[in-house]
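Given next are the chains, with one letter for each unit.
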Amino acid sequence: MTAPPIDPSALGLLLYRAHRLARAGANEAARPTGLELHQAAVLATVRAGGIGSQRELGAALGIDKSTLVRIVDDLERRRLLERRRTAHDRRAYEIVITEDGEQHLREADALFRGAMQSLLAVFDPREQRQLHDLLARFVAQEGPTES
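Residues numbered from 1 in each chain as written. Predicted model: local features only at pLDDT ≥ 70, side-chain atom pairs only at ≥ 80, totals over all residues. Heavy atoms only, no water.

*Asks:* Explain the overall build of the chain to me, and be specific about the residues and the numbers.
*Replies:* When you go through the chain residue by residue, the secondary structure sums to six helices and two strands. Seen along its three principal axes, the alpha-carbon backbone of the chain occupies a region of about 65 × 30 × 25 Å. For the chain, the proportion of its 147 residues judged to be buried stands at 22%. Sequence separation of 24 or more characterises 49% of the internal contacts of the chain that already satisfy a separation of 6 or more. If you sum the accessible surface of the chain, you get close to 10,700 Å²; carbon and sulfur atoms cover 55% of it. (Helix = DSSP H or I, 4+ residues; strand = E, 2+ residues; numbered from the N terminus. Buried < 20%, exposed > 50% of the residue type's maximum accessible area, 1.4 Å probe, protein only. Contact = heavy atoms within 4.5 Å. Areas by Shrake-Rupley, 256 points an atom, 1.4 Å probe, with all protein chains shown as cover.)

Given below as structure tokens:
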């Protein structure tokens, strides 16, 4: 017996609600660090390297230019990252994570992990692996990303 087809709009709504639940849980858990998930994503991507400009950072994260400028401005104001002129083009800037940014990111990451472990506790380890694999396959449609 085959399973009945799934309504794509209902599945889309569930994905949206799952995203909101995970994001809210992560943001609440990391509140003591002053970092939210989208800010941590920027810091982690800069830390991972291979990003030479703000434009590359936006492309890697799928964040539009104006939103990214606000995030980078805020993180720079808080001295968690810096814009530095590049050696090869004095008109261009590279984005670099600071020591404070590294520390905040380490602290937030531990809290994000705890929040996700709590949310995922509704699944046994096999189901967690299955969910991970299905979501990884789903987002692979987006193309290669750095993680």
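Moving on from the coordinates now.
*Asks:* Can you break down the pattern of salt bridges residue by residue, with the values?
*Replies:* Throughout the structure, instances matching the rule amount to ten salt bridges. With its nearest N and O atoms 2.5 Å apart, the salt bridge here joins E76 to R83. Accessibility expressed as a relative area gives 22% for R83, which makes it partly exposed. Of the charged contacts, one joins E102 and R106 as a salt bridge, the two residues approaching to 4.0 Å between their closest N and O atoms. Within this pair, E102 and its partner R106 are both found in helix α5 (residues 99-120), separated by four residues, close to a single helical turn. Residue E102 is classed as partly exposed on the basis of its relative accessible area, which comes to 22%. (Salt bridge = Lys/Arg side-chain N within 4 Å of Asp/Glu carboxyl O.)

*Asks:* Any chance you could break down the environment of Q103 for me, citing the residues and the numbers?
*Replies:* Inspection of the secondary structure assignment puts Q103 in helix α5. Its relative accessible area of 35% is what places Q103 among the partly exposed residues. Residues Q103 and L80 lie 23 residues apart in sequence; the distance between their C-alpha atoms is 8.9 Å.

*Asks:* Account for the side chain of N27, with residues named and values stated.
*Replies:* As for its placement among the helices and strands, N27 is situated in helix α1 (residues 8-29). Here L37 takes part through its backbone nitrogen, which lies 2.7 Å from a polar atom of the side chain of N27. Residue contacts for N27: discarding those within four places in its chain leaves E36, L37 and F112. (Polar contact = N/O pair within 3.5 Å; in protein donor to acceptor, adjacent residues only side chain to side chain.)

*Asks:* Give me the lowdown on the nonpolar core, citing residues and values where you can.
*Replies:* One finds V42, L43, L57, V72, L75 and L81 to be the most contacted residues of the largest nonpolar core, which totals 21 residues. Apart from the residues within four sequence positions on either side, V72 is in contact with V42, Q54, L57, L81, R83 and I95. (Core = buried A, V, L, I, M, F, W, Y, C linked by side-chain atoms within 4.5 Å.)

*Asks:* Run through the layout of surface pockets, naming residues and quoting values.
*Replies:* As a volume, the largest pocket reaches approximately 2,800 Å³. Around the largest pocket sit 49 residues that line it, and H19, A22, L37, L135 and V139 are the ones nearest its centre. Put simply, the parts of the chain that give the lining of the largest pocket at least two residues each are α1, α2 (37-48), α3 (54-61), α5 and α6 (125-139). Residue classes in the lining of the largest pocket are distributed as 30 nonpolar, ten polar and nine charged. Its boundaries defined by the atoms lining it, the second largest pocket holds a volume of some 220 Å³. (1 Å grid on protein atoms, 1.4 Å probe; cavity = no way out; pocket = protein on both sides within 12 Å on 5 of 7 lines; lining within 4 Å. Points joined across faces, edges and corners; volume = space filled by probe spheres on them. Nonpolar A, V, L, I, M, F, W, Y, C, P; charged D, E, K, R; others polar.)

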